[in-house]
Amino acid sequence: MKKILVANRGEIALRIMRTARRMGIRTVAVYSEADRHAPHVRFADQAVFLGPAPSNQSYLVMEKIIEAAKTTGAEGIHPGYGFLSENSEFARKVKAAGIIFVGPHPHAIEVMGSKLAAKDAVKAYDIPMVPGIDKAITDTEKAKKIAEKIGYPILIKASAGGGGKGMRVVENSAELKSQMERAISEALSAFGDGSVFIEKYVGSPRHIEIQVLADTHGNTVHLFERECSIQRRHQKVVEEAPSAVLTPELRAKMGADACRVAQACDYVGAGTVEFLLDEKLNYYFLEMNTRLQVEHPVTEWVTGVDLVEEQIRVARGEKLRFKQEDLTIKGHAMELRVYAEDPANNFLPSVGDLVVYQKPSGENIRVDDGYEEGMEIPIYYDPMIAKLITYGATRDAAIANMEKAIANYRIEGIETTLPFGAFVMKHEAFKSGDFDTHFVKQFFTPEAMAADTKNGEEVAAMAGLQLYLERRKKLRVPGEVN
Ligand code: MV4
């Protein structure tokens, strides 16, 4: 593969192109009307215009993207995340055009795209799953019987689901019928597929996911876990690796299970196996994401593996260069997603220009972004403008570095989730590692965040004053040399 087209925009397009360039592979960008002057377009060796800003007229148009690859002579297409990355039809069309899809086979995308098909595929592999059913259900009387057996509370889920849509907690049999009807109609309108199923509701879960990597020669390894429990309405905001609560034994078990999930669908490339972890550290397989994930950098930092490089090598047909025993975790990495949203105002999208945009830098800081000072944040796409990633020898050090990095990130013109990140980093539950997926709902209020920000400013002002007084003292000593 000498040339690769990146079918994406923003930070992930840039991140993929950087690795490709380092590997001596030429890069082709695609772009919409809104992204004419975007950094990913300028960075690429070549760029092809797709169409108007709305993604259904640009980044989602399969034919245009495949045509762009053909006319530029790109031998591979990397889909990034979002857009067409988990569209099996796209993967199939790319292949049919004689182009390498940097990702798994269409079959694996299809199976894992359906929660029910995924459960069915891993059934024979002895992977722990939440008690429940593995078939779609529409009959509410049957559902009541099953719910009695499982025990309330139960959770109704949409098979095609994502982003929590079509999900309903049911506390007792009196609520079941109406909640099921709602779940079905929500799933139908959101996914065009009204299949729902029932699971035991896990009340206070942590979200743990395992990164896997598989080649075309039958080798599968895992690159340990990421914890993504700090979410707001199914939107991840803070992720880290490793998790504060996994033991080496549990990590090895979950890792081995994740590899078997990958094998169950003949997985190829980089993928992520999602688990719920309950308070007693029981874990349950949820689903598999068949793409490179937003939060992959925390794994890269603690393992030293460039996941995009490995994706490309696997796509070229190479064997994995390391075995499970070669992989270890070193230190701790933390990621904060910087969204153009106002955390003081119910996370409303914050539109406008990046009047000031100065990112922090330093040894333990990585910023993956796709915008520059002066640019306008387009309203058409995901509101994530950057990922702030920090590293430390310990979790505490990674958190301290994140606090410093947030303080040194200057963004003016729009509101962002940076102050929200500062709130999380300071919070006792987060610091101690004693939190679950309810953290934001449980602890976050704009008032608490504002108090933090104010304290932070006072602390900074005091530190400045102290420094000033010390320097003045020193300057007053006659003849002293600093
Ligand atoms: C669950 C659950 C509790 N019990 N399943 C949310 C999105 C989807 N991928 C799975 N999700 C959940 N499934 C059972 N049986 C709670 C959640 C859940 C959640 C999971 C991970 C991270 C954040 C979450 C927030 C709310 C609910």
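Residues numbered from 1 in each chain as written. Predicted model: local features only at pLDDT ≥ 70, side-chain atom pairs only at ≥ 80, totals over all residues. Heavy atoms only, no water.

1. What about the site of the ligand?
Here comes step 1: Neighbouring the ligand are 16 residues; Lys157, Glu199, Lys200, Val202 and Glu287 lie closest to it.
Here comes step 2: At 2.8 Å, a side-chain N or O of Glu199 approaches a nitrogen atom of the ligand.
Here comes step 3: Of all the elements in the fold, those that place two or more residues in the shell around the ligand are strand E6 (154-158), strand E8 (196-200), strand E12 (269-277) and strand E13 (283-289).
Here comes step 4: A breakdown of the residues in the shell around the ligand according to their chemical character gives seven nonpolar, four polar and five charged.
Here comes step 5: Each of domain 2 (131-200) and domain 3 (206-451) contributes no fewer than three residues to the shell around the ligand. (Near = heavy atom within 4 Å. Polar contact = N/O pair within 3.5 Å; in protein donor to acceptor, adjacent residues only side chain to side chain. Helix = DSSP H or I, 4+ residues; strand = E, 2+ residues; numbered from the N terminus. Nonpolar A, V, L, I, M, F, W, Y, C, P; charged D, E, K, R; others polar. Domains from an automatic or database assignment.)

2. A word on the packing of aromatic side chains
Here comes step 1: For the coordinates displayed, the defined rule picks out 19 aromatic pairs.
Here comes step 2: Considering the side-chain rings of Tyr357 and Tyr409, the 5.8 Å spacing of their centres and the 65 degrees angle between planes classify their relative orientation as edge-to-face. Of this pair, Tyr357 sits in strand E17 (residues 356-358) while Tyr409 sits in the loop between helix H12 (395-407) and strand E20 (410-412); the two residues are 52 residues apart in sequence, bridging distant segments of the chain. We note that Tyr357, like Tyr409, is buried.
Here comes step 3: A connected cluster of aromatic rings, assembled from ring pairs, spans Phe347, Phe420, Phe423, Phe430, Phe435, Phe439, Phe443 and Phe444.
Here comes step 4: Seen from the ring of Phe435, Arg206 lies directly overhead, with NZ or CZ sitting 4.4 Å from the centre. (Phe/Tyr/Trp six-rings, centres within 6.5 Å; stacked < 30°, edge-to-face > 60°. Buried < 20%, exposed > 50% of the residue type's maximum accessible area, 1.4 Å probe, protein only. Lys NZ or Arg CZ within 6 Å of the ring centre and 35° of its normal.)

3. Brief notes about the packing of helix H3 (residues 62-72) against helix H4 (residues 88-96)
Here comes step 1: Their axes nearest at 11 Å, the elements H3 and H4 cross at an angle of 30 degrees. The pairing of H3 with H4 is recorded here as roughly parallel in orientation. For the element pair H3 and H4, the recorded crossing hand is right-handed. Residue-level inspection shows Met62, Glu63, Ile65 and Ile66 of H3 in contact with H4, the latter providing Glu89, Phe90, Lys93 and Val94.
Here comes step 2: Of the residues belonging to the contact of H3 with H4, the class tally is five nonpolar, no polar and three charged. (Axes fitted to C-alpha atoms, helices over the stretch in contact; angles between N-to-C directions. Parallel < 35°, antiparallel > 145°, perpendicular 65-115°, else oblique. Left-handed = near helix turned anticlockwise from the far one by under 90°. Contact = heavy atoms within 4.5 Å.)

4. Observations regarding helix H10 (residues 296-303)
Here comes step 1: Across the eight residues of H10, seven count as buried, placing the element largely inside the fold.
Here comes step 2: For H10, the full list of buried residues reads His296, Pro297, Val298, Thr299, Glu300, Val302 and Thr303.
Here comes step 3: Directly beyond the C-terminal end of H10, a positive phi value near 75 degrees is found at Gly304.

5. Quick word on the sheet that holds strand E5 (residues 100-101)
Here comes step 1: The five strands are arranged E3-E2-E1-E4-E5 in an open sheet whose pairing can be described as parallel. Of all strands in the sheet, those bounded by a partner on one side alone are strand E3 (46-51) and E5.
Here comes step 2: Against the sheet, H3 engages strand E1 (3-6), strand E2 (26-32), E3 and strand E4 (76-78), with an angle of about 150 degrees to E3. (Pairing = 2+ DSSP bridges.)

6. A closer look at the confidence of the model for the chain
Here comes step 1: Here the chain averages 94 in pLDDT, and 95% of its residues register 70 or above.
Here comes step 2: Note on residues 476-482: pLDDT is under 50 here. Beyond four places in sequence and across chains, it has two contacts. (pLDDT = per-residue confidence, 0-100.)

7. Concerning a nonpolar patch on the surface
Here comes step 1: There is a patch of nonpolar side chains on the surface, built from Val351, Ile379 and Tyr380 and spanning about 340 Å² of accessible area.
Here comes step 2: Looking at the element boundaries, Val351 is found in the loop between strand E16 (348-349) and E17. (Patch = residues over 30% accessible without salt bridge, like charges linked within 9 Å, V, L, I, M, F, W, Y side chains within 5 Å. Areas by Shrake-Rupley, 256 points an atom, 1.4 Å probe, with all protein chains shown as cover. Salt bridge = Lys/Arg side-chain N within 4 Å of Asp/Glu carboxyl O.)

8. Description of the packing of helix H5 (residues 106-113) against helix H6 (residues 115-122)
Here comes step 1: Relative to each other, H5 and H6 sit at 110 degrees, their axes nearing to 5 Å. On the basis of their axis angle, the class for H5 and H6 is roughly perpendicular. Counting all contacts with H5, which are made through Val111, Met112 and Gly113, the residues of H6 involved are Lys115, Ala117, Ala118, Ala121 and Val122.
Here comes step 2: For the contact of H5 with H6, the per-class residue count stands at six nonpolar, one polar and one charged.

9. What to know about unusual backbone geometry
Here comes step 1: Look at the link from Tyr152 to Pro153: it is a cis peptide, with omega at -5 degrees.
Here comes step 2: Along the chain, Pro153 falls in the loop between helix H7 (140-150) and E6.
Here comes step 3: Residue Pro242 is reached from Ala241 by a cis peptide bond, and omega for that bond is -5 degrees.
Here comes step 4: Turning to its location among the elements, Pro242 is positioned in the loop between strand E11 (235-241) and helix H9 (248-264).
Here comes step 5: Phi at Phe83 takes a positive value of approximately 35 degrees, unusual for a residue other than glycine.
Here comes step 6: Mapped onto the elements of the fold, Phe83 is located in the loop between E4 and H4.
Here comes step 7: The residue His234 is not glycine, and still its phi comes out positive at about 70 degrees.
Here comes step 8: Examined against the element boundaries, His234 turns out to sit in the loop between strand E10 (220-232) and E11.
Here comes step 9: We classify His234 as partly exposed; its relative accessible area is 47%.

10. Section: the side chain of Gln179
Here comes step 1: Counting through the fold element by element, Gln179 comes out in helix H8 (residues 173-191).
Here comes step 2: Setting aside anything within four residues of it in sequence, one finds Gln179 in contact with Ile156, Arg168, Val169 and Val170.

11. Topic: the environment of Met384
Here comes step 1: Positionally, Met384 belongs in strand E19 (residues 384-392).
Here comes step 2: It is 9.0 Å that separates the C-alpha atoms of Met384 and Gly10, two residues lying 374 residues apart in sequence.
Here comes step 3: Excluding residues that lie within four positions of it along the chain, Met384 makes contacts with Glu11, Tyr81, Val294, Arg337, Val338, Tyr339 and Tyr371.

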